[in-house]
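The primary structure of each chain is shown beneath.
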Amino acid sequence: MLCPKVPSFMAYKVLRCQLQQINNIFNCSVNIVPHHGRTYTTSNQTQPVSFVPNSVPPSENELAELQDLIRKSKRLLVLTGAGLSTESGIPDYRSEGVGLYARSNNRPVQYTDFLNKAEIRQRYWARNFVGWPRFSSFSPNVSHHVFSEWERVGKVSWLVTQNVDALHFKAGSKRLTELHGSAHRVECLSCENKISRIEMQKLIISQNPEWRASSIEMAPDGDVTLTWEQVKGFTVPPCQKCGGIVKPEIVFFGANVKKNIVNFVYERVAESDAILVAGSSLEVYSGFRFVNRAYDQKKPVAIVSIGKTRADKLANVKINAKCGDVLSAISI
């Protein structure tokens, strides 16, 4: 069983308490000030920014079609993407008008660059460090809780998420595969030692007692936008066991999902009798292949996602509306 190994709520309670005074989590300015006293300060923007694209509410006919498909399913496989977490305040990459690609020229780091260039690792970890207190404070929304409840009553046989934010875990899902890993874990690329992201934050603070930076723009995977000038002087802690390179336990752009995880999910597809995609454009093949496999096995496919998806032609039901509006209207 591939269940997430994410730190418990108690483990990051301190960081969450530091942010509880934030009234609007959608567009806050994070000002991390590490010093010998190891304190953090945060400040807010006054105008909220929603990362959910515009859409119209689902029609009664659309809801009825989805309701019928889900009612008939006894072993529902759920596949979720970044569009599910935008309603929690986390931006995605591809949403029209509000995704990172539409708002910024900033692009995610490529895996080969991270491996081969020390300055890229320095910039990545500096940005990730500044963004972590805010990113780790995001909470599950109604859709995460719906899927957790559906699992509890036996409707969902397995849930596969492309997201690295651990919000399904926070909502209580247990029959869960994090296809692209989790930003809440850090791994050594040499000895494979793993630590929590909270431990990594402490290591960074200890090695950067005077370094400080601030940024407004949050990226989908938890980092922020910093200039090269801001990154100067930042020290990246090595693995504490072997001195190797450490990275979040997530699948970077240009890297592949491990074969054993892919095969595991294929097995869950084979066991299922229907698949529901929520909040994913399926542009990335790592998720699309499972929908394609279900279609080849003549299993009904439902998609709830704003905008076009790569699998629209494969879907028995496609609803172009907010996941929370749709899923909260379905009864089981």
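For every chain, the first residue of the written sequence is number 1, and numbering continues from 1 onward in sequence order. Confidence filtering applies because this is a predicted model: local features only for residues at pLDDT of at least 70, side-chain atom pairs given and counted only at 80 or more, and all residues used for totals across whole chains, interfaces and linings. Hydrogens and waters are ignored; side-chain quantities use all the structure's heavy atoms.

Peer 1: Before we move on, could you go through the overall build of the protein and cite the residues and values that matter?
Peer 2: Strands here mean DSSP runs of E at least two residues long; helices mean DSSP runs of H or I at least four residues long; both are numbered from the N terminus. A count of helical and extended segments in the protein gives 13 helices and twelve strands. Any residue under 20% of the maximum accessible area for its type is buried, any over 50% is exposed, and the rest in between are partly exposed; the area is computed with a 1.4 Å probe on protein chains only. Per-residue burial over the protein gives 55% buried out of 332 residues. Any pair of residues with heavy atoms lying within 4.5 Å of one another is described as a contacting pair. Residue pairs in contact within the protein that sit at least 24 positions apart in sequence constitute 73% of those at least 6 positions apart. In these tables, accessible area is a Shrake-Rupley quantity obtained with a 1.4 Å probe, and a residue counts as shielded only by the protein chains included in the view. On the protein, roughly 15100 Å² of surface is accessible, and the fraction owed to carbon and sulfur atoms is 49%.

Peer 1: How would you sum up the pairing of strand β9 (residues 246–250)? Please name residues and give values.
Peer 2: By the criterion of burial, β9 is predominantly enclosed, with five of the five residues buried. Note: two strands are recorded as paired if DSSP finds a minimum of 2 bridges between them. Note that strand β6 (residues 181–188) and β9 share five bridges and pair antiparallel. Paired with G181 across the bridge in β9 is I250.

Peer 1: Now, about the confidence of the model for the protein: what can you tell me, with residues and values included?
Peer 2: Do not read the fine detail of predicted coordinates wherever pLDDT is low. The quantity known as pLDDT measures the predictor's confidence residue by residue, on a range of 0 to 100. Within the protein, residue pLDDT values average 84, and 80% of them lie at 70 or more. In the predicted structure, residues 1–48 sits below a pLDDT of 50 and forms 116 contacts with residues beyond four places in sequence or in another chain.

Peer 1: Give a description of the sheet that holds β6 that names residues and reports values.
Peer 2: With antiparallel pairing, the three strands of this open sheet are ordered in space as β7-β6-β9. In the strand order of this sheet, the two ends are held by β7 (194–196) and β9, each with one partner. Neighbour-to-neighbour, the strand axes of this sheet turn through a mean angle of 40 degrees, independent of strand direction. To get an axis, fit a line to the C-alpha atoms, keeping to the stretch in contact for a helix; angles then go from 0 to 180 degrees between the N-to-C directions. Its contacts with the sheet place helix α6 (residues 118–135) against β6 and β9, and it is angled at close to 50 degrees to β9. Sitting on the sheet, helix α9 (residues 197–207) touches β6, β7 and β9, and the angle it makes with β7 is about 85 degrees.

Peer 1: Describe the UniProt feature "active site" (unreviewed entry) in the protein, listing the residues and the values that go with them.
Peer 2: UniProt positions are given in the numbering used here, feature names are shortened, and annotations may be inferred rather than shown by experiment. In this numbering, the UniProt entry assigns the feature "active site" (unreviewed entry) to H180. According to the relative accessible area criterion, H180 is buried, its value standing at 14%. Sequence-distant contacts of H180, that is, excluding residues within four places in its chain, are made with T161, Q162, V164, E249, I250, V251, V257 and S286.

Peer 1: Outline the nonpolar core, listing residues and values.
Peer 2: Here the nonpolar core consists of buried residues drawn from Ala, Val, Leu, Ile, Met, Phe, Trp, Tyr and Cys, with membership extended through side-chain atoms lying within 4.5 Å. Counting 34 residues, the largest nonpolar core has W125, M200, W211 and L226 as its most contacted members. At the level of elements, α6, β6, α9 and β9 are the ones that each hand at least two residues to this core. At eight residues, the largest contribution of residues to this core is made by α6. When residues no more than four places from it in sequence are discounted, the contact partners of M200 are W125, V186, I195, P237 and V246. Judged by nonpolar contacts, the second largest core, of 25 residues, contains I70, V146, L276 and A278.

Peer 1: Describe the sheet that holds strand β12 (residues 317–319), listing the residues and the values that go with them.
Peer 2: The strands making up a sheet associate through backbone hydrogen bonding, with each pair oriented either parallel or antiparallel. Strand order in the open sheet formed by six strands is β5-β4-β3-β10-β11-β12, and the pairing between neighbours is parallel. Each edge of the sheet is formed by a strand with only one pairing partner; in this case those strands are β5 (176–178) and β12. Recorded for the sheet is a direction-independent mean angle of 15 degrees between the axes of neighbouring strands. Bridging between strand β10 (residues 274–278) and strand β11 (residues 301–304) involves four bridges; their strand directions are parallel. Each bridged residue has a counterpart across the sheet, and for V277 the counterpart in β11 is I303. Relative to the sheet, helix α12 (residues 285–296) contacts β3 (76–80), β10 and β11, its axis offset from that of β10 by approximately 150 degrees.

Peer 1: Which residues make up helix α7 (residues 142–152), and what values do they have?
Peer 2: Taken residue by residue, α7 has S143, H144, V146, F147, S148, W150 and E151 as its buried positions. N or O atoms within 3.5 Å of each other form a polar contact, as long as, within protein, one can give a hydrogen and the other can take it, and as long as residues adjacent in sequence are counted only when both atoms are side-chain atoms. Sitting at the amino-terminal end of α7 is N141, which places a side-chain oxygen 2.9 Å from the backbone nitrogen of S143. With its phi angle positive at about 90 degrees, G154 sits one or two positions after the end of α7.

Peer 1: Requested: an account of helix α2 (residues 60–72), with residues and values cited.
Peer 2: By definition here, a helix of n residues has an expected span of 1.5 Å times n minus one. With 13 residues, α2 extends 18 Å between its outermost C-alpha atoms, agreeing within 8% with the 18 Å of an ideal straight helix rising 1.5 Å per residue. Check the buried side of α2 and you find it contacts α7, β10, β11, β12 and α13 (323–327).

Peer 1: Residue-level account of the side chain of R268, with values.
Peer 2: With respect to the element layout, R268 can be found in helix α11 (residues 259–271). Residue R268 is classed as buried on the basis of its relative accessible area, which comes to 11%. When residues no more than four places from it in sequence are discounted, the contact partners of R268 are L77 and W158.

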